[in-house]
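Given next are the chains, with one letter for each unit.
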Amino acid sequence: MAVRVQLKAVVLQVQVLIPFLNQEYKMHERSRISGETLRRISQELAGIPVDAALAESHVEDIEALMQGVDQLRKLPLKALAPPLVFLPEEDLK
Amino acid sequence: MSDLTLLPVSELANLVRARKVSPVELTQSYLENIERYNGVINAYVTVTPELAMADARRAEDEIARGHYKGALHGIPIAHKDIYCTADVRTTCCSNVLRDYVPDFDATVVKQWRDAGTVMLGKLNTHEFAYGTRNISSSFGPVHNPWRLDCHTGGSSGGSAAAVLMGMCAAATGSDSGGSIRMPSAATGVTGLKPTFGLGSRFGVFPLMWTMDHPGPMARTALDCALLLQPMAAHDANDKSTVVRKYPDFSWQAGKGVRGLRIGIPRRYFYDEAEEIVEAKVLEAVDVLKSLGAELVEVDIEYIEHAATASGVLHLAEAAAYHDDVFSEHPELYTPETRRNLELGSYVLAKDYLHAQRYRSLLGNSFRNVFRQVDVVAMPTISLLATPIDQHKIQIRGKEKSVHLSMLHNTEPIDLTGLPALSVPCGFAPDNRPIGLQIVGRPFDESLLVRVGHAFQQATDWHLKRPASLDS
């Protein structure tokens, strides 16, 4: 009985997952980063204030990185979980 | 330079064991070289002669009483200054930790101490290991002994230069984007980045938790095997270390390479390198072919995205680690580190996770290649060591960042966690060294040692030393 329930669950997962994995989605195009965006992220989100000139000097590096990220986002990553494994803390005996 | 300090650990160990050379005599020789060269090279940031002599006398006494511990007993070594050393200043070459004296040893420091090594001091590094050339350090840059105006590669530049100049027999390094292999190649020494999870990161200041690899740097592949041996153990203080039974990493040395299949990934690893680097590395793999190995052309799918993924990961993880100190005291960091930590604020969490997922994709590509071949060989770094103040370079007609080009061939191997060995394999006409990188399957370090040892038995690049500093 338990086996049958498990098998049913697996079949259900596969049925749900396969069309999802095969579906092609297109991400929205990103607009070019501005110095003002970086300044505000740094100030308002990161808590690492940078002035306008410094933020502007970061634009070229971050835009180049984000263009690479645009390509990274298009890779076949759907079925891959991030390889980060959490282990609960326990006292070793 | 004293003759003893030119010898690899494997030969020194035989002399020490046979009591033909005493650890005290050996330690004095290395201390003399530190005195002779460090003012020019800047490899050491802290020298501990009293502690070293005490270690050496203890080792000598133990060996005399018949308590020989093994190949590292009485061997003088030094640690990269991001490894915590009890009661010895550990600065990460940053003003952030200018006066920090830990009260504990990093696990690797303890492992090497328990094996009987003699610690000579602490070695220069790019600040917090966050760089590719060892040029941003609160103690100033390390100078490449082959060309003093050039960098040594980094971040473990002090370790590489010290090994090359006989200022220690071996050293620790750490590798998150190539920081063991890049300086090994740029100076002409041998470095081994083990599989992720083999060595403990406990007590080693993190650059990026998910890609930091501690490992040894020495004269030869065989030495790296000896130095890696005590590091290979599960550590309850570092959950990334795996529970595994490890072999004697030198067990295959001497078996040669006949019948081994060596993958040659020309796309990306060779065809984007400086021509002289490509030519010398192709000569090196031809040596392996002449020894009986079979060369097989291979291609690593998705490799071209490695720089982006690595960049996202190091920016995000380093920014997270330094978040508190950096937000309070950004002025304590060197301008290069400061800029990288600022850039780390802009990485989205979802892109960090995409980059992590890419690691599995790239790992699958390498796994597919390792179904065809036993190891993969390529240039360690795709360019020669450049002048310390040079930040752009022309490679095959394209202007590139020196920093990013340094990482090009090494960072994919950190992303996958695979083991990799760098051995010296030649020089440019102006005496700048070139390295051959050999990458293997997870936990197959002994095969890398076998290939590296066979190459070093057939060549003498690893024996070369710059004569100009002695004239």
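As shown above, the structure is provided for reference.
Here the structure is a predicted model, which is why all the values come from computation and not from measurement. (Residues numbered from 1 in each chain as written. Chains lettered and ligands numbered in written order. Predicted model: local features only at pLDDT ≥ 70, side-chain atom pairs only at ≥ 80, totals over all residues. Heavy atoms only, no water.)

Chemist: What should I look at first to understand helix H15 (residues 445-458) of chain B in this one?
Modeler: Every α-helical turn comprises 3.6 residues, leaving residues that sit three or four positions apart pointing alike. With 14 residues, H15 of chain B extends 20 Å between its outermost C-alpha atoms, agreeing within 8% with the 20 Å of an ideal straight helix rising 1.5 Å per residue. All buried positions along H15 of chain B are accounted for by Glu-445, Ser-446, Leu-447, Leu-448, Val-449, Arg-450, Val-451, Gly-452, His-453, Ala-454, Phe-455 and Gln-456 of chain B. (Helix = DSSP H or I, 4+ residues; strand = E, 2+ residues; numbered from the N terminus. Expected span 1.5 Å × (residues − 1). Buried < 20%, exposed > 50% of the residue type's maximum accessible area, 1.4 Å probe, protein only.)

Chemist: Is there a simple way to explain unusual backbone geometry in this structure?
Modeler: For residues that are not glycine, phi is negative in most cases, and the peptide bond is trans in most cases. Residues and elements named next belong to chain B. Residues Gly-154 and Ser-155 are joined by a peptide bond in cis, for which omega reads 10°. A positive phi angle, close to 55°, is found at Phe-128, a residue other than glycine. If you trace the backbone, Phe-128 turns up in the loop between strand E3 (118-123) and helix H5 (157-164). Take Phe-128: its relative accessible area is 4%, and that puts it in the buried class. You will see that Ala-129, though not glycine, has its phi angle at about 65°, which is positive. If you trace the backbone, Ala-129 turns up in the loop between E3 and H5.

Chemist: Looking at this structure, how should I read the interface of chain A and chain B?
Modeler: Interfaces are often described in size by the accessible area the parts lose on coming together. Between chain A and chain B, the contact holds 33 residues from the first and 31 residues from the second. Approximately 2700 Å² of surface area, both sides summed, lies buried where chain A meets chain B, with 69% of it carried by carbon and sulfur atoms. Between Asp-351 of chain B and Arg-73 of chain A there is a salt bridge, and its shortest N-O distance comes to 2.8 Å. Our count for the chain A to chain B interface comes out at eight residue pairs in polar contact (both at pLDDT 80 or more). Only helix H2 (35-46) and helix H3 (52-73) of chain A provide two or more residues apiece to the side of chain A that touches chain B. (Contact = heavy atoms within 4.5 Å. Buried area = accessible area lost by both parts, 1.4 Å probe. Salt bridge = Lys/Arg side-chain N within 4 Å of Asp/Glu carboxyl O. Polar contact = N/O pair within 3.5 Å; in protein donor to acceptor, adjacent residues only side chain to side chain.)

Chemist: I tried to follow the pattern of salt bridges on my own but got confused; where do I start?
Modeler: For side chains bearing opposite charge, pairing can occur when the charged atoms are close. Within the structure shown, the criterion is met by 28 salt bridges over all chains. A salt bridge links Arg-40 of chain A to Glu-44 of chain A, with the shortest nitrogen-to-oxygen separation between them at 2.9 Å. Residue Arg-40 of chain A and its partner Glu-44 of chain A are both found in helix H2; the two are separated by four residues, about one turn of the helix. Measuring nitrogen to oxygen at the nearest pair gives 2.8 Å for the salt bridge that ties Arg-396 of chain B to Glu-278 of chain B. Here Arg-396 of chain B is found in the loop between strand E10 (392-395) and strand E11 (398-401), whereas its partner Glu-278 of chain B is found in helix H9 (residues 275-290), with 118 residues between them in sequence. On the basis of relative accessibility, which here comes to 16%, the residue Glu-278 of chain B falls in the buried class.

Chemist: Looking at this model, I keep getting lost on the pairing of strand E12 (residues 420-427) of chain B. Mind explaining?
Modeler: In regular strands, side chains alternate between the two faces of the sheet. Residues and elements named next belong to chain B. Among the eight residues that make up E12, eight are buried, leaving the element largely enclosed by the rest of the structure. For strand E5 (residues 190-193) and E12, the ladder comprises three bridges, and the chain directions are antiparallel. Bridge pairing links Leu-192 to Leu-421 in E12. In the sheet, E12 pairs with strand E13 (residues 433-439) via seven bridges, with the strands oriented antiparallel. By the bridge assignment, Ala-420 is partnered in E13 with Val-439. Turn length for the E12-E13 hairpin, with the two strands adjacent in sequence and antiparallel, is five residues, and the turn residue Asn-431 shows positive phi of about 75°. (Pairing = 2+ DSSP bridges.)

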